[in-house]
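Residue strings, one per chain:
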Amino acid sequence: GVTQAQLAAMQDAAVKAQQAVEANRGTGWLGWMNLPYNQEEIVSEIEKVADHVRKTFKYFVVLGIGGSALGPIAVHQALNHLHYNELPDSKRPGPKFYVEDNIDPERMAALMDVIELDKACFCIISKSGGTAETMSQYLIVTEALKAQVGADWAKHIIAVTDHEKGNLIKLAKENGFITFYIPDGVGGRFSEMCPVGLVPAACCGIDIRAMLKGAAAMDERCKTDDMMKNPALLEAVLQYIACEQMGRNVQVMLPYADSLKYMADWFCQLWAESLGKNKRRDGSDCHAGQTPAKALGVTDQHSQLQLYNEGPFDKVITFIKVENFRTETKIPKGCEEFKDVAFLGGMTHNTLIEAERQGTEYALYVNRRMNQTIIMPEVNAYTLGQLMFLLEMTTAYEGELLDIDAFNQPGVETSKRATYAILGNTDAK
């Protein structure tokens, strides 16, 4: 539904957006743009620690929330076995993996029921060390560790935090935790390619160097202001036209692969927290932001597709298609008496899932519903690095097109302050 004339009309704005992002590379909150290139020593240290963790511990638990949790979850789901924790030790490339990203009172108790504290490593991720959810978990875990393992409790902790500011770095220095630092200029939702995401990934056997190489390859493609050659810039322009000019203020991320299920969750934070703003840079009101939604193909064909096909004309559907799955599952012949079942015999789930995706794409098309497809040749560490960096760059460009600050989150801070006030903590900022 987007015309060549609409694209041509955005040419100047696209050039300005790309040049503005590139001019600010590595400064302010764009430090994440340099992560594919400036971490050789850090990656080597992460690999050493990860090797120690894999040899020493049976469980690896991330304590974090927001970008500190969604990135590690998404990468683990994408690149490791879909039933990773249920694999026998001999077939699993690392310790069992858990991410505690909420404070439901039943959740921590449930974790303690399935791990052995003396065999568990806890990775606490908080730049400030003041994140109430994460630090409340830290208090619970450290008390339990001290009771269970005594003086060696600190050997079970890895801290990922700011290199000099905040509570967690003070605790790390005081107790001698293994510590990795979140670089300046890297916000939570842009942090997967720094120790926030690389430490959990490496500890579970993922090739973090390949992820960074993939991110670097995508970055190279984004160093041109020609939007027909810069995939992230073109995507930003298309979404801007769809939302700001055509009223499609919802974007549904719809991967057709279980491995990419939580990439949709990660994207939702990236897009919503970056672009949902009520002020332009000059202080004028805008109330900008396209609402992200998540779905999974083919599962949500049976729960959400009715709305997408016949509901309001307010959505863009973004398919993620995988060309080559890591496994081929053949469908045996059988049920010959039922023609509507027998026809499946001799096919594969690989063929079926792509047919279902194409069928959904066609249904959206004939119902005049805007959609697009991002194609991944296969899901591996390199292509995942490409995809994540593509979406991060798209977000940065979109912020420029909207003339907003894509890197702050004042709406979140208001909620935090209100929470602290309710709990009687008037000293919290």
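Going by the structure above, here's the rest.
Residues numbered from 1 in each chain as written. Predicted model: local features only at pLDDT ≥ 70, side-chain atom pairs only at ≥ 80, totals over all residues. Heavy atoms only, no water.

## Some words on the side chain of E354
And step 1. By secondary structure assignment, the location of E354 is in helix α14 (residues 349-366).
And step 2. Overall, the relative accessible area of 16% leaves E354 in the buried class.
And step 3. Side chain to side chain, E354 and R357 meet in a polar contact 3.0 Å long. (Helix = DSSP H or I, 4+ residues; strand = E, 2+ residues; numbered from the N terminus. Buried < 20%, exposed > 50% of the residue type's maximum accessible area, 1.4 Å probe, protein only. Polar contact = N/O pair within 3.5 Å; in protein donor to acceptor, adjacent residues only side chain to side chain.)

## Some details on the packing of aromatic side chains
For any two aromatic rings, the description comes down to two numbers: the centre-to-centre distance and the angle of the planes.
And step 1. Within this structure, the stated rule accounts for eight aromatic pairs.
And step 2. For the ring pair Y138 and F177, a centre distance of 6.4 Å and an interplane angle of 70° mean the geometry is edge-to-face. With Y138 in helix α6 (residues 132-149) and F177 in the loop between α7 (167-175) and β5 (178-181), this residue pair connects regions lying 39 residues apart in the sequence.
And step 3. Using a relative accessible area of 6% as the deciding quantity, one classes Y138 as buried.
And step 4. The structure contains a cluster of three or more aromatic residues connected by ring pairs, namely W32, F190, F389 and F407.
And step 5. Looking at R92, its charged tip hangs above the ring of Y84, at a distance of 5.9 Å from the centre.
And step 6. Lying over the aromatic face of F319, R357 brings its terminal NZ or CZ to 5.6 Å of the ring centre. (Phe/Tyr/Trp six-rings, centres within 6.5 Å; stacked < 30°, edge-to-face > 60°. Lys NZ or Arg CZ within 6 Å of the ring centre and 35° of its normal.)

## Examining α7
And step 1. For α7, the complete set of buried residues consists of L168, I169 and A172. Mapping the buried residues of α7 onto a view down its axis gives an arc of 100°, with all of them on the same face. Residues K170 and E174 are exposed on α7 and point more than 90 degrees away from its buried face.
And step 2. Along its buried surface, α7 packs onto β3 (120-125), α6, β4 (157-161) and β5. (Arc of directions from axis to C-beta. Contact = heavy atoms within 4.5 Å.)

## Brief notes about the pattern of salt bridges
And step 1. One pass over the full model with this rule turns up 23 salt bridges.
And step 2. One salt bridge connects E116 with K119, and the closest N-O pair in it is separated by 3.3 Å.
And step 3. K119 gets classed as partly exposed once you look at its relative accessible area, which sits at 33%.
And step 4. Taking the shortest distance from any N to any O, the salt bridge between R189 and E273 comes out at 3.0 Å. Residue R189 is located in the loop between β5 and α8 (195-203), and its partner E273 is located in helix α11 (residues 261-275); the two are separated by 84 residues in the primary sequence.
And step 5. On the basis of relative accessibility, which here comes to 4%, the residue R189 falls in the buried class.
And step 6. Each of E22, R25, D219, E220 and K223 takes part in salt bridges that share partners, so that together they form one network. (Salt bridge = Lys/Arg side-chain N within 4 Å of Asp/Glu carboxyl O.)

## Remarks on the layout of surface pockets
And step 1. Estimated volume of the largest pocket: approximately 1400 Å³.
And step 2. Along its surface, the largest pocket is lined by 46 residues, and S128, T131, Q409, E413 and K416 are the ones closest to its centre.
And step 3. Broken down by secondary-structure element, the contributors of at least two residues to the lining of the largest pocket are α4 (67-79), α6, α11 and α16 (410-422).
And step 4. If you tally residues by element for the lining of the largest pocket, the top one is α16, at six residues.
And step 5. Of the residues contributing to the lining of the largest pocket, the split by class is 16 nonpolar, 19 polar and eleven charged.
And step 6. Taken as a whole, the second largest pocket spans an internal volume of roughly 630 Å³.
And step 7. The element that contributes the greatest number of residues to the lining of the second largest pocket is α14, accounting for five residues.
And step 8. Residues that form the lining of the second largest pocket fall into these classes: ten nonpolar, ten polar and four charged. (1 Å grid on protein atoms, 1.4 Å probe; cavity = no way out; pocket = protein on both sides within 12 Å on 5 of 7 lines; lining within 4 Å. Points joined across faces, edges and corners; volume = space filled by probe spheres on them. Nonpolar A, V, L, I, M, F, W, Y, C, P; charged D, E, K, R; others polar.)

## Examining the sheet that holds strand β7 (residues 291-294)
And step 1. One open sheet accounts for four strands, arranged β7-β6-β8-β9; its pairing is parallel. Looking at the sheet topology across the chains shown, the edges are occupied by β7 and β9 (370-376). In this sheet, adjacent strand axes meet at a mean angle of 20° when their direction is disregarded.
And step 2. Summarising the sheet, strand β6 (residues 250-255) and strand β8 (residues 315-322) pair through six bridges and their orientation is parallel. For Q251, the partnering residue across the bridge sits in β8 and is V316.
And step 3. Here α14 sits on the sheet and contacts β8 and β9; the angle it forms with β8, its principal contact strand, is near 160°. (Pairing = 2+ DSSP bridges. Axes fitted to C-alpha atoms, helices over the stretch in contact; angles between N-to-C directions.)

## Section: the environment of K333
And step 1. With respect to the secondary-structure elements, K333 resides in the loop between β8 and α13 (339-342).
And step 2. Taking C-alpha positions, K333 is 56 Å from L139, a pair spaced 194 residues apart along the chain.
And step 3. With sequence-adjacent residues up to four places away left out, K333 is seen in contact with G345 and G346.

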